[in-house]
Protein chains: 2
Amino acid sequence: MKNRIITISREFGSGGRTIGKQTAEMLRIPCYDQELIRKLAEQSGFTQDYVAEESEYSEHPGWFSNAFTGRSVNGLSNQDYLWSLQRQIILDLADKESCVIVGRCADYILKDRSDCLTVFIHADLEKRAERIVKIYGETDQLPQKRLLEKDKRRAAFYQFYTDMKWGQAQNYHLALDSGAVGIERCISIITDLFSD
Amino acid sequence: MKNRIITISREFGSGGRTIGKQTAEMLRIPCYDQELIRKLAEQSGFTQDYVAEESEYSEHPGWFSNAFTGRSVNGLSNQDYLWSLQRQIILDLADKESCVIVGRCADYILKDRSDCLTVFIHADLEKRAERIVKIYGETDQLPQKRLLEKDKRRAAFYQFYTDMKWGQAQNYHLALDSGAVGIERCISIITDLFSD
């Protein structure tokens, strides 16, 4: 397959962000992750923290929760407004250059392109718990609980905006268990497939 | 990861069986697919055709359908009886030697082993329709319809016996879209991971 874009969807704590970043470095193409948040904050006028939260997580997991969040911009909820901005930024980036895009439903937004390799990274709860404690430190909440809540809110967001099931293998060209396969190996499988 | 066993779960028409067979040839280990059906037929006294159907497909897709099929062996339904036989055959094979096992919920049956690489193969409907017409020929039913029915019945069987969702990326170490990635490439990714 000839690809120009790689999208990395990932479970929280699975190392998907690291995999995206290092894959992009190997391929010498940009990786959009924090940079995407920055663009979104700049264009919307919201803070980066607010944008990071609202552009990927449902406030309360559940089908209709997004419909009832505060409305403020042109009659759209903030989240709907950010969704449409984010969608346009991702479409523009994909038009402009080869890149890796981490999260933010980019797999769905770019699904009609034939030059996009879509990847899903996951790992078991234990491995992810170890990883988030190592990277983000301890909090009052048990790491397993933090993970399950994040997963639930991310899945609800994805389902609400894409009408597809988050983590369903059929939605991705490649899905990898980074805990079993190893981060380095995930990177080499993705770069090999991209360069084919 | 150090592996001894590879399980290949697959959507009908995705080439999963071919991938399993050729991966096993490359690795010079046996591939259990038809051979498993033969063992199951021999041990149960049922025909191979009956066993092939009853050991992987729900008669009517739906949660409780399996509970109401005809009962005949030791008070178990035929399907429950075949399930327990199949489970034991798969556990014994995995104990005995390195091998590839295609389908039959082997990923679930062997989930507690740390030396088992679990793979899911899928492809989009169009690619699969092309493939089944090429391999199995035309029938009265449209290939897309045949595929969707097979998928539905296979998913229902899997969910009934494993209480997990068929095709959920998190259930497998590796999931690949054989239509996009290509059969040859799927084989090389799996053999590389196995040999690591």
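That block above? That's the structure.
Computed from a predicted structure; not experimentally measured.

Turning our eyes to something else, we now look at the sheet that holds strand E1 (residues 5-10) of chain A. Reading across the sheet, the 10 strands line up as E2(A)-E5(A)-E1(A)-E6(A)-E7(A)-E7(B)-E6(B)-E1(B)-E5(B)-E2(B) and stay open at both edges, with mixed pairing between neighbours. In the strand order of this sheet, the two ends are held by strand E2 (31-32) of chain A together with strand E2 (31-32) of chain B, each with one partner. Bridge count between strand E6 (residues 116-122) of chain B and strand E7 (residues 174-177) of chain B: four bridges; the pairing is parallel. The residue bridging B:Ile121 from the neighbouring strand is B:Leu176, located in E7(B).

After a rotation of 180° and a shift along the axis of 0.0 Å, chain A superposes on chain B with an RMSD of 0.0 Å. Expressed as an axis order, the relation between the two copies is that of a two-fold axis.

Our next topic: the interface of chain A and chain B. Counting from both sides, the interface comprises 23 residues of chain A and, opposite them, 23 residues of chain B. Surface buried jointly by chain A and chain B totals about 1,900 Å² across both partners, of which 53% is contributed by carbon and sulfur atoms. Seen at the junction of chain A and chain B, the total is zero salt bridges. Joining chain A to chain B, the criterion identifies 12 residue pairs in polar contact (both at pLDDT 80 or more). Elements that contribute at least two residues to the side of chain A that touches chain B include exactly strand E6 (116-122), strand E7 (174-177), helix H8 (178-181) and helix H9 (183-195) of chain A.

Now for unusual backbone geometry. Residue and element names in this part refer to chain A. Phi at Arg28 takes a positive value of approximately 55°, unusual for a residue other than glycine. One can find Arg28 in the loop between helix H1 (16-27) and E2. Relative accessible area serves as the criterion here: at 77%, Arg28 is assigned to the exposed category. Located in the positive-phi region is Asp163, a residue other than glycine, with phi close to 60°. Note that Asp163 resides in the loop between helix H7 (143-162) and E7. For Asp163, a relative accessible area of 61% gives the class exposed.

Turning to the environment of A:Arg17, a few remarks are in order. Residue and element names in this part refer to chain A. Along the polypeptide, Arg17 turns up in helix H1. Linking Arg17 and Ile101, residues 84 residues apart in sequence, is a C-alpha distance of 9.4 Å. A polar contact of 2.7 Å, which involves the side chain of Arg17, links it to the side chain of Asp33.

This structure, assessed with the given rule, holds 17 aromatic pairs over all chains. Ring centres of B:Phe46 and B:Tyr50 lie 5.0 Å apart, and the angle between their planes is 50°; this geometry places the pair in the tilted category. Residue class for B:Phe46 comes out partly exposed when judged on its relative accessible area of 22%. For the pair B:Phe157 and B:Tyr161, a centre-to-centre distance of 4.7 Å together with 45° between the ring planes defines the contact as tilted. Of this pair, B:Phe157 and B:Tyr161 both sit in helix H7 (residues 143-162), four residues apart, roughly one helical turn. Taking the relative accessible area as the measure of exposure, B:Phe157 reaches 1% and is therefore buried. Residue B:Tyr161 is classed as buried on the basis of its relative accessible area of 11%. Ring pairing ties together the aromatic residues A:Trp83, A:Phe157, A:Phe160 and A:Tyr161, which thus form one cluster. A cation over a ring is seen here: A:Lys150 above A:Phe12, with NZ or CZ 4.7 Å from the ring centre.

Consecutive side chains along a regular strand alternate between the two faces of the sheet. Residue and element names in this part refer to chain A. Of the two faces of strand E5 (residues 99-102), the one holding Cys99 and Ile101 and the one holding Val100 and Val102 are both buried throughout. Sheet analysis places E1 next to E5, joined by four bridges and oriented parallel. When the bridges of E5 are listed, Ile6 appears paired with Val100.

Criteria and thresholds
Residues numbered from 1 in each chain as written. Chains lettered and ligands numbered in written order. Predicted model: local features only at pLDDT ≥ 70, side-chain atom pairs only at ≥ 80, totals over all residues. Heavy atoms only, no water. Pairing = 2+ DSSP bridges. Helix = DSSP H or I, 4+ residues; strand = E, 2+ residues; numbered from the N terminus. Least-squares fit on C-alpha atoms with pLDDT ≥ 70 in both. Contact = heavy atoms within 4.5 Å. Buried area = accessible area lost by both parts, 1.4 Å probe. Salt bridge = Lys/Arg side-chain N within 4 Å of Asp/Glu carboxyl O. Polar contact = N/O pair within 3.5 Å; in protein donor to acceptor, adjacent residues only side chain to side chain. Buried < 20%, exposed > 50% of the residue type's maximum accessible area, 1.4 Å probe, protein only. Phe/Tyr/Trp six-rings, centres within 6.5 Å; stacked < 30°, edge-to-face > 60°. Lys NZ or Arg CZ within 6 Å of the ring centre and 35° of its normal.

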